[in-house]
Amino acid sequence: MLIRVRSPDGMHRIEVGLKDTLAQLLERLALAMNAPSPDAIVLTRDVRGQSILAEFEKSIVSLGLKHGDMLFATVAPSARPSVEPTDPRTNTNDGSSKPAVSSSFVLPVAQEDVDSQLEKDGGLIARKRDMQFCKHGANAMCEYCTPTEPYDAGYLAENKIKHMSFHAHLRKILSQSKIRGDISGGLPPNIPLPLEDLDYRVKTPCMSGHAPWPESICTKCQPSAITLQRQPFRMVDNVEFASSTIIDRLLSFWRSTRCQRFGFLYGRYDRSPDVPLGIKAIVEAIYEPKQGWEEDGIKIDVESEDFSSEIRRADVVAGACGLKVVGMIFTDLEATNESGRVVYRRHANSYFLTSLECRLAAYMELKYPNVSRWARGGHFGSKFVTCCVSGNEDGNIDVTAWQLSNSAMAMQAANLIVPSSVPSKMCVLEPTKTRYVPDVFYKYTNEYNLPVTANAKPAFPVEYLLVNLTHGFPKDPNPMFHSDNPFCIENRDHLHQVQTLGLLKRHINSAQGAAAMLAVVLADFHFLVYLTGLSILGPSDIALIGRIVRDPANSIQLAEELLLTSGWQTLLLMLQEASDSDLNHSGQVADVQAPLEAPVANTNSNGDTFAATASPWACRHCTFVNSPTDNSCDMCALPRD
């Protein structure tokens, strides 16, 4: 039967069975009201709250409730979680004390530190006195110089900010409830959480009482029609690479092989001063997982167990250093006949991201959701960014940064989209007996400058799913990983760059046992990931190394502690037996740091020429250009020599 419950958030209809108890009713009601727990709900028979239902073990029928009866529910103020623990008793002006009642309501989840910092910021944008319109004195304000809100449309248009920041979007929603300024204290009890992730899946089970999907469906459980439009906000506003060396080492693979490369971005989030209440992702390292590399693309199996275990190993090192996965990066480069130039293929008349890349980005954003205490489900959107290294209009190598909208994430989660053979088009799947596909529309302006709503089936432009970000490098670089002698990058065996114990031995011996030099040697992400994968050092040793990397001021003292640990002594003892013959001398040449303006040069910074085996070769029989690792022609199948 159906029990109606009226709460400050609205009316709820709870489906219960004849044998269900009051405790089971409260559990379902807590989910509907987004209450912290069923114990926090006070259920009464009348609106005044005088007849409280507290016999939790009794059945609904034994309490005298019938189908369609209405109850009244409130959330006890003392049960609502506060942002910070407060004293249970508060002093009054006359010196007496009385029980403190919490008036804040947010979900108790562990969100990013930068989010907590921005919540304490008032968010107002200061404006200078207008010499033409301001007629008041220096200590007064008027409508022309009063600080404006971070979501002010005029300010965003004047400063050419296409997407407002996430926290500006949150303040805009809260302003409708007259909530402004510092929001770190949470929400009043009568205001629901403002954010909720989009969901285009059929709601199961439906509270209407019919059989669940796919046996039946109704207007209450089926998703509404989808209208795609530009997302007005973005979760991350800027991508900052801690040093240009990070990009140079990624590009060294393409310069050696002319093939593409993929990697995960490891870094942290911080405040962005360029956008009101903005967030930037600071990239400290790029990890390159195992992948198939081609001249026109890459192959990765993101759902395989080997891939997941490899990323987990890198996550351990990143976590010890205070970092996490913030995004992914891939190259799409093709050299032109002109020296030092690459093809300009990604622009407004072609595409910015292909439909296949968009779906991969949406998959990754779902895998790394953004934790938010302002969302009813505890998550809202994602801070995962996607960077593409390709040619710009001048023929130089450039980086572009993107995110997929919340609509794209919801469509991917509902399995509604699939990449098409046309890079700039995303296909909408056809409905089946088990897959419900709602109507999908998108709006555009036609040749007569009139808005037109078009059906997105069977395909629509991928631009409706994109949110573009800015990117750059700091003026005064201070990267976390700054080793003078970089360790070779993982999974580049075909370039004769193999991570071996001999190479590890030489890398550690370069410190000569000095704590100061060891602290510099340890400041290499690729070295730390390989060292962790040997399973010689324990968790405490890895945590100590992470402190050495992220705390340069005390790195020497911490390095001295590391030298005395049993795990490090065991490592040194094992390396004494390592052979010095597998040092990959030829592989060190391929990992160079050539400038971005000369992407196709085949020499490193010392002028040394790369080995011929590291460049594509043309077949002498049919002139087809083959991959450098192929021993026979892919076109005519004749041998290379």
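Refer to the structure above for everything that follows.
Residues numbered from 1 in each chain as written. Predicted model: local features only at pLDDT ≥ 70, side-chain atom pairs only at ≥ 80, totals over all residues. Heavy atoms only, no water.

**Topic: the packing of aromatic side chains**
- Scanning the entire structure with this criterion turns up 16 aromatic pairs.
- Centre to centre, the rings of Phe 233 and Phe 380 are 6.0 Å apart; their planes meet at 20°, and the pair counts as stacked. Taken together, the positions of Phe 233 in strand 9 (residues 233-234) and Phe 380 in the loop between helix 7 (355-367) and strand 16 (385-391) put the pair 147 residues apart, joining distant regions of the chain. Comparing Phe 233 with Phe 380, the two get one shared label, buried.
- An aromatic cluster of three or more residues is present, and its members are Phe 166, Phe 233 and Phe 380. (Phe/Tyr/Trp six-rings, centres within 6.5 Å; stacked < 30°, edge-to-face > 60°. Helix = DSSP H or I, 4+ residues; strand = E, 2+ residues; numbered from the N terminus. Buried < 20%, exposed > 50% of the residue type's maximum accessible area, 1.4 Å probe, protein only.)

**Description of a positive patch on the surface**
- Residues Arg 4, Arg 6, Arg 13 and Lys 220 make up a contiguous surface patch of positive charge.
- As for its position among the elements, Lys 220 is in the loop between helix 4 (166-175) and strand 8 (226-228). (Patch = residues over 30% accessible without salt bridge, like charges linked within 9 Å, V, L, I, M, F, W, Y side chains within 5 Å. Areas by Shrake-Rupley, 256 points an atom, 1.4 Å probe, with all protein chains shown as cover. Salt bridge = Lys/Arg side-chain N within 4 Å of Asp/Glu carboxyl O. Lys, Arg positive; Asp, Glu negative; His and termini not counted. Charge placed at Lys NZ, Arg CZ, Asp CG, Glu CD.)

**Section: the pairing of strand 11 (residues 262-272)**
- Of all 11 residues that make up strand 11, eight are buried, and the element is covered over most of its length.
- With six bridges connecting them, strand 11 and strand 15 (residues 324-332) associate as antiparallel partners. By the bridge assignment for strand 15, Gly 267 is matched with Lys 324.
- Of the strand pairs in this sheet, strand 11 and strand 12 (residues 278-287) are connected by nine bridges, and their pairing is antiparallel. Note on strand 12: the bridge partner recorded for Tyr 269 is Ala 281. (Pairing = 2+ DSSP bridges.)

**A short note on the nonpolar core**
- Residues Phe 264, Phe 460 and Phe 525 are the most contacted members of the largest nonpolar core, which totals 78 residues.
- What Phe 525 contacts, discounting residues up to four positions off in sequence, is Tyr 266, Ala 285, Tyr 287, Ala 314, Val 317, Ala 318 and Phe 481.
- Ranked by size, the runner-up nonpolar core spans 30 residues in total, among them Val 239, Ala 242, Ile 246 and Ile 279. (Core = buried A, V, L, I, M, F, W, Y, C linked by side-chain atoms within 4.5 Å. Contact = heavy atoms within 4.5 Å.)

**Concerning the sheet that holds strand 3 (residues 41-44)**
- Pairing within the open sheet is mixed, and its four strands lie in the order 2-1-4-3. Pairing within the sheet leaves two strands with one partner each, and these edge strands are strand 2 (10-15) and strand 3. Across this sheet, the average inter-strand angle for adjacent strands is 30°, counted without regard to direction. (Axes fitted to C-alpha atoms, helices over the stretch in contact; angles between N-to-C directions.)

**Considerations on the side chain of Ser 184**
- Among the secondary structure elements, Ser 184 is positioned in the loop between helix 4 and strand 8.
- Under the relative-accessibility criterion, Ser 184 is labelled buried at 17%.
- Side chain to side chain, Ser 184 and Asp 182 meet in a polar contact 2.7 Å long. (Polar contact = N/O pair within 3.5 Å; in protein donor to acceptor, adjacent residues only side chain to side chain.)

**A look at the sheet that holds strand 19 (residues 425-428)**
- With respect to topology, three strands assemble into an open sheet ordered 18-19-22, the strand pairing being antiparallel. Edge positions in the sheet fall to strand 18 (417-419) and strand 22 (459-461), since each of these pairs with one other strand and no more. Sheet twist, expressed as the mean angle between neighbouring strand axes with direction ignored, is 40°.
- Note: strand 18 against strand 19, three bridges, orientation antiparallel.

**Things to note about the pairing of strand 17 (residues 397-404)**
- Most of strand 17 is tucked away: six of the eight residues are buried.
- Where strand 16 lies against strand 17, six bridges are found, and the strand directions are antiparallel. Residue Cys 388 lies in a different strand from strand 17, and its bridge partner there is Thr 400.
- Between strand 16 and strand 17, which pair antiparallel one after the other, the connecting turn spans five residues, and Gly 395 there sits at a positive phi close to 85°.
- Pairing of strand 17 with strand 23 (residues 466-472) involves four bridges; the strand directions are antiparallel.

Honestly, that's just the spatial picture; any functional story needs more than this.
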